Each structure stands twice: as C-alpha cells, then as structure tokens.
Amino acid sequence: MQHNLAIFASGTGSNAKKIIEYFKHNPNINVCLIVSNKADAPVLDMARTNGIPTLVIDRPYFYHSEDILNFFNQFSINFVVLAGFLWLVPSYLVRAFEGRIVNIHPALLPKYGGKGMYGMRVHEAVKAAGETETGITIHYVNERYDEGDAIFQAKCEVKPTDTPDEIAQKIHALEHRHFPAVIEELLEQK
Ligand code: GRF
C-alpha cells in the first residue's frame, strides 16, 4: 500500500525534517505535504528546500470549512502527522482520518499534557516539579488536546542540575531517534 503523509507543524520543524529524511528513499511512504498555521514558520522553508508542497492555513479555513479534505484529495493524503502543531484538530478531520492522525508530545502523557502545555512550558513544568525522568509520547489524535490513545513512549533521565533547555535537548534527541521509526512501524501494520 502507498502511504501519503501530510505533516502539520507550526515552528522549526526539526521532527518534520527527520521524517522527510527517513522516508526519502522509501518507495511506499511519501511525505507529500507540509501544513502550517504560520506563514513565516521555518518548517515551510525546510519543506521548499526539500521540494515538498506546502499549505498555510488560517482559522476560518481550518475550523469553518472542510476544504482541507479536498486539498488532501489532490495529494491522495491518507495519513497525518502532527509534529509541533499547536492547534486543536477539528472533529471533521479527526473523523475523516480516524486512527490515521498521530501527534508527538514532549512529555510522558498523561503528565504535562493538555491545552497550553507545549514547548518550553512542558520542560519548565517538569523541572519545577523536580521530576527525575521525563520523555516523549507518540499518540493517536482525537478532539481533545493530548488525550488520544498512546502508541509509544520513551524515557530519559532528568538530573537535578538539568536546566529546562537541557531537558528540551534530550527530548528532541529522543523524538528524532524514535518518531520516524514509530510512524514506519504503524504504516507497515496498515
Ligand atoms: C517537539 O518537541 C514536539 O514534541 C512538540 O513540538 C516540538 C516541535 O519541535 N509537539 P520541532 O519543530 O519539530 O523542532
């Protein structure tokens, strides 16, 4: 089966880049589209450099129309990856891609998840709570922030001397190591 991925990202897109590189020579898995809610997000430059089409969305388009489904049809998108995308996914999209949307969260859900828990806020909260470990969660997406079924978790140690920045670096390393391979494994089962 041919898997055609759309990756949603709001920021740098280092995870999106890893996924693109990982599947570059895989004939069955194509990253076909990068979607962002920010017209100046660095992830869009990265996509263009890699020759991948991009789509910039705004709130009316995403929440008050279902036009993105038609856009997806043009690219035969059949799997969606959220990699640093901060908006809630509307229910029409969750329904249309039931079991085919995954997100990565930079903590061990259900801890440090939910609305407003993203980026450095997560690592600052982990540090403030004096956690001795943290990690990443890859999970299915539903209509609530960070609540879909977990697919995969990986942990790392938090040393008492670690700053939130250092925790963020460890987390990014874990994400880059695992996210593409977990996506590949999921797609192989489909
Ligand atoms: C990652 O830490 C991811 O877990 C979170 O947003 C961050 C995105 O980083 N959801 P990047 O843009 O892929 O570098």
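That block above? That's the structure.
Presented here is an overview of the structure given in this document. (Residues numbered from 1 in each chain as written. Predicted model: local features only at pLDDT ≥ 70, side-chain atom pairs only at ≥ 80, totals over all residues. Heavy atoms only, no water.)

Some remarks on the packing of aromatic side chains
Note on aromatic pairs: each is described by the distance of the centres and the angle between the planes. For the coordinates displayed, the defined rule picks out eleven aromatic pairs. Residues Phe 8 and Phe 85 carry aromatic rings whose centres are separated by 5.0 Å and whose planes lie at 80° to one another, so their mutual orientation is edge-to-face. Placement of the pair is Phe 8 in strand S1 (residues 3-8) and Phe 85 in the loop between strand S4 (79-82) and helix H5 (91-96), with a sequence separation of 77 residues. The exposure classification of Phe 8 matches that of Phe 85, with both residues buried. (Phe/Tyr/Trp six-rings, centres within 6.5 Å; stacked < 30°, edge-to-face > 60°. Helix = DSSP H or I, 4+ residues; strand = E, 2+ residues; numbered from the N terminus. Buried < 20%, exposed > 50% of the residue type's maximum accessible area, 1.4 Å probe, protein only.)

Some words on the site of the ligand
Around the ligand, the structure places Thr 12, Gly 13, Ser 14, Asn 15, Gly 84, Ile 104, His 105, Pro 106, His 172 and Glu 175. Between the ligand and the protein, one listed contact pairs an oxygen atom with a side-chain N or O atom of Ser 14 at 2.5 Å. Surface burial for the ligand is 85%, taken as the share of its 370 Å² of free accessible area covered by protein chains. Elements supplying a minimum of two residues to the shell around the ligand: helix H1 (14-23), strand S5 (101-105) and helix H7 (164-188). Residues that form the shell around the ligand fall into these classes: two nonpolar, seven polar and one charged. (Near = heavy atom within 4 Å. Polar contact = N/O pair within 3.5 Å; in protein donor to acceptor, adjacent residues only side chain to side chain. Areas by Shrake-Rupley, 256 points an atom, 1.4 Å probe, with all protein chains shown as cover. Nonpolar A, V, L, I, M, F, W, Y, C, P; charged D, E, K, R; others polar.)

What about the packing of H1 against H7?
Following both chains from N to C, one finds H1 and H7 inclined at 45°, their axes separated by 9 Å at the closest point. Between H1 and H7, the angle is such that the two are oblique. The two elements H1 and H7 cross, and the hand of that crossing is right-handed. Where H1 abuts H7, its residues Ser 14, Asn 15, Lys 18, Ile 19, Tyr 22 and Phe 23 lie against His 172, Glu 175, His 176, Phe 179, Pro 180, Ala 181, Ile 183 and Glu 184. (Axes fitted to C-alpha atoms, helices over the stretch in contact; angles between N-to-C directions. Parallel < 35°, antiparallel > 145°, perpendicular 65-115°, else oblique. Left-handed = near helix turned anticlockwise from the far one by under 90°. Contact = heavy atoms within 4.5 Å.)

Focus: unusual backbone geometry
Of the consecutive residues Leu 109 and Pro 110, the connecting peptide bond is found in the cis state with omega at 10°. The phi torsion at Ser 76 lies on the positive side, around 50°, for a residue other than glycine. Take Ser 76: it is sitting in the loop between helix H4 (67-74) and S4. Relative accessible area serves as the criterion here: at 43%, Ser 76 is assigned to the partly exposed category.

Notes on the environment of Gly 113
Counting through the fold element by element, Gly 113 comes out in the loop between S5 and helix H6 (120-128). The partly exposed category is assigned to Gly 113, whose relative accessible area is 30%. Setting aside its immediate chain neighbours within four residues, Gly 113 contacts His 105 and Asp 146.

Points about the pattern of salt bridges
All told, the structure shown has six salt bridges when counted by the stated rule. Among the ionic pairs, Glu 131 bridges to Lys 111, the shortest N-O distance being 3.0 Å. With Glu 131 in the loop between H6 and strand S6 (133-140) and Lys 111 in the loop between S5 and H6, this pair connects stretches of sequence that are 20 residues apart. For Lys 111, a relative accessible area of 43% corresponds to the partly exposed category. In this structure, the salt-bridge partner of Arg 144 is Glu 147, at a minimum N-O distance of 2.7 Å. (Salt bridge = Lys/Arg side-chain N within 4 Å of Asp/Glu carboxyl O.)

Quick look at the side chain of Glu 175
In this structure, Glu 175 sits in helix H7. Salt bridges are absent for the buried Glu 175, whose nearest opposite-charge side chain, Lys 18, sits at 11 Å. Excluding its chain neighbours within four sequence positions, the residues that come into contact with Glu 175 are Asn 15, Ile 104, His 105, Pro 106, Ile 136 and Pro 180. (Lys, Arg positive; Asp, Glu negative; His and termini not counted.)

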